[in-house]
Amino acid sequence: MIVVSDSSPLITLSKIGHLHILPRLYETVHITSTVFAEVAVSGAGLWGAAEVSNAEWVRIATLERHPGLPLEFTAGLGAGEISTVRLAKELNADVALIDDRKARALAVKFGVTPLGCVGILQSGFQAGLIPELRTAYQLLLDSGAFVDRRILAANLRALNLPGLDT
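Residues numbered from 1 in each chain as written. Predicted model: local features only at pLDDT ≥ 70, side-chain atom pairs only at ≥ 80, totals over all residues. Heavy atoms only, no water.

Colleague: Looking at this structure, I do not really get the pattern of salt bridges. What am I missing?
Modeller: Opposite charge on two side chains permits pairing when their charged atoms draw close. Throughout the structure, instances matching the rule amount to 2 salt bridges. In this structure, Glu90 engages Arg86 in a salt bridge whose closest nitrogen and oxygen atoms are separated by 3.7 Å. Within this pair, Glu90 and its partner Arg86 are both found in helix α6 (residues 79-91), separated by 4 residues, close to a single helical turn. A relative accessible area of 26% places Glu90 in the partly exposed class. Residue Arg86 is classed as buried on the basis of its relative accessible area, which comes to 16%. With a shortest N-O distance of 2.8 Å, Asp148 and Arg150 are connected by a salt bridge. Asp148 sits in the partly exposed class, given a relative accessible area of 26%. (Salt bridge = Lys/Arg side-chain N within 4 Å of Asp/Glu carboxyl O. Helix = DSSP H or I, 4+ residues; strand = E, 2+ residues; numbered from the N terminus. Buried < 20%, exposed > 50% of the residue type's maximum accessible area, 1.4 Å probe, protein only.)

Colleague: Explanation requested: the environment of Thr84 in the structure shown.
Modeller: Locating Thr84 in the fold gives a position in helix α6. By relative accessible area, which is 0% here, Thr84 ends up buried. For the pair Thr84 and Thr34, spaced 50 residues apart in the sequence, the C-alpha separation amounts to 8.7 Å. If we skip the residues at most four places from it in the chain, Thr84 touches Val4, Ser5, Asp6, Thr32, Val35, Ala96 and Ile98. Here the side chain of Thr84 touches Gly80 through a polar contact of 2.7 Å, landing on its backbone oxygen. (Contact = heavy atoms within 4.5 Å. Polar contact = N/O pair within 3.5 Å; in protein donor to acceptor, adjacent residues only side chain to side chain.)

Colleague: Can you walk me through the nonpolar core in this structure?
Modeller: In this structure, Leu10, Leu13, Leu22, Trp57, Leu121 and Tyr137 are the most contacted members of the largest nonpolar core, which totals 32 residues. Ranked by the residues each element gives to this core, the list is headed by helix α9 (residues 133-142), at 5 residues. Beyond its immediate stretch of four places on either side in the chain, Leu10 contacts Ser5, Leu19, Leu22, Ile31, Val35, Val39, Val52 and Trp57. Among the nonpolar cores identified, the runner-up in size contains 14 residues, and Leu77, Leu87, Ala93 and Val112 belong to it. (Core = buried A, V, L, I, M, F, W, Y, C linked by side-chain atoms within 4.5 Å.)

Colleague: Would you explain the packing of α9 against helix α10 (residues 149-158) in this entry?
Modeller: A pair of packed helices can be characterised by two numbers: the angle between their axes and the separation between those axes. Here α9 crosses α10 at 175°, and the two axes come no closer than 11 Å. On the basis of their axis angle, the class for α9 and α10 is roughly antiparallel. Where α9 abuts α10, its residues Leu133, Arg134, Tyr137 and Leu141 lie against Arg149, Leu152, Asn155 and Leu156. Split by residue class, the contact of α9 with α10 holds 5 nonpolar, 1 polar and 2 charged. (Axes fitted to C-alpha atoms, helices over the stretch in contact; angles between N-to-C directions. Parallel < 35°, antiparallel > 145°, perpendicular 65-115°, else oblique. Nonpolar A, V, L, I, M, F, W, Y, C, P; charged D, E, K, R; others polar.)

Colleague: Sorry, what's going on with α10 here?
Modeller: Turn by turn, an α-helix covers 3.6 residues, leaving residues three or four places apart pointing in a common direction. When we look at burial in α10, the residues that qualify are Leu152, Asn155 and Leu156. Each buried residue of α10 sits inside an arc of 95° when the element is viewed along its axis, so together they form one side. Those residues of α10 that are exposed and aimed more than 90 degrees away from the buried face are Arg150, Arg157 and Ala158. Residues of α10 that are buried in the fold lie against α8 (117-126) and α9. (Arc of directions from axis to C-beta.)

Colleague: Teacher, can you tell me more about unusual backbone geometry here?
Modeller: One can expect most non-glycine residues to show negative phi and most peptide bonds to be in trans. At Glu27, a residue that is not glycine, the phi angle is positive and equals roughly 70°. Structurally, the position occupied by Glu27 is in the loop between α2 (21-26) and β2 (29-32). Its relative accessible area of 63% is what places Glu27 among the exposed residues.

Colleague: In this structure, what is going on with the environment of Val85? I would like to understand it.
Modeller: Counting through the fold element by element, Val85 comes out in helix α6. A residue is classified by how much of its surface remains accessible, and Val85, at 0% relative accessible area, is buried. Separated by 46 residues in the primary sequence, Val85 and Pro131 have C-alpha atoms spaced 31 Å apart.

Below you can see the structure in the form of structure tokens.
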């Protein structure tokens, strides 16, 4: 399985103590040099920086030199998000780990399947890597991540799990 990640899932999963599930779920995660710079260089000393810098499961990929995505589709997105979608497209990735709603829409527009922290945590739970999905979702909310509580509640209900704290 080919997986590409943007900065946000790496930082957020580190912040809530669940970055370790990525190599167990996907073995290798590809990131662009732009994403590496955002997480490990500009973000040095912050959540995810040391883990990503030292991770053997992270592969930093170089984008091909052909033109990027059309400007009309990328307005309002960061360089990391744009480079993630480009790399996912170039590698014909199975999934791109992206949280930002507009970046996820861009990924879909260019034939890339996006998956955010909510889906990653659910996959980790279903694989037996996270014992309490409800607790992981609560940590996600407490971290300040922009997540719709209704989505979390619906996921928990669908899995017949207890709801979130109010």
